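# Residue-level structure breakdown
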Amino acid sequence: MTESPSPRILVVDDDKSHLASLDKILKREGLAVRSVGEGREAVRQLRTGRVSVVLTDLMMPGVDG
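A brief report on the enclosed structure follows. (Residues numbered from 1 in each chain as written. Predicted model: local features only at pLDDT ≥ 70, side-chain atom pairs only at ≥ 80, totals over all residues. Heavy atoms only, no water.)

Further remarks concern the pairing of strand 1 (residues 8-12). For strand 1, a buried count of four out of five residues is recorded, marking the element as mostly surrounded by other parts of the structure. The pairing of strand 1 with strand 2 (residues 32-36) spans five bridges and is parallel. Looking at strand 2, one finds that Val12 is bridged to Val36. Crossover handedness for the path strand 1 to helix 1 (residues 16-28) to strand 2: right-handed. Across four bridges, strand 1 lies against strand 3 (residues 53-56) in parallel orientation. (Buried < 20%, exposed > 50% of the residue type's maximum accessible area, 1.4 Å probe, protein only. Helix = DSSP H or I, 4+ residues; strand = E, 2+ residues; numbered from the N terminus. Pairing = 2+ DSSP bridges. Right-handed = clockwise from strand over helix to strand, strands pointing away.)

Right, here's the structure in full:
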């Protein structure tokens, strides 16, 4: 029996303190987390990697949530 890989969570927020807090909490729970500070980088991550869940800020400069 093979274990399914841990869900990969992409956290997107231009507020560095929010981003750091969410990153810390989710990693403490043993989740695989990638945190980015802008919408354009989030789009790149979605195109290049497997992501199970996106937690995003809705209002960011450039490309928003």
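Back to the write-up after that little detour.
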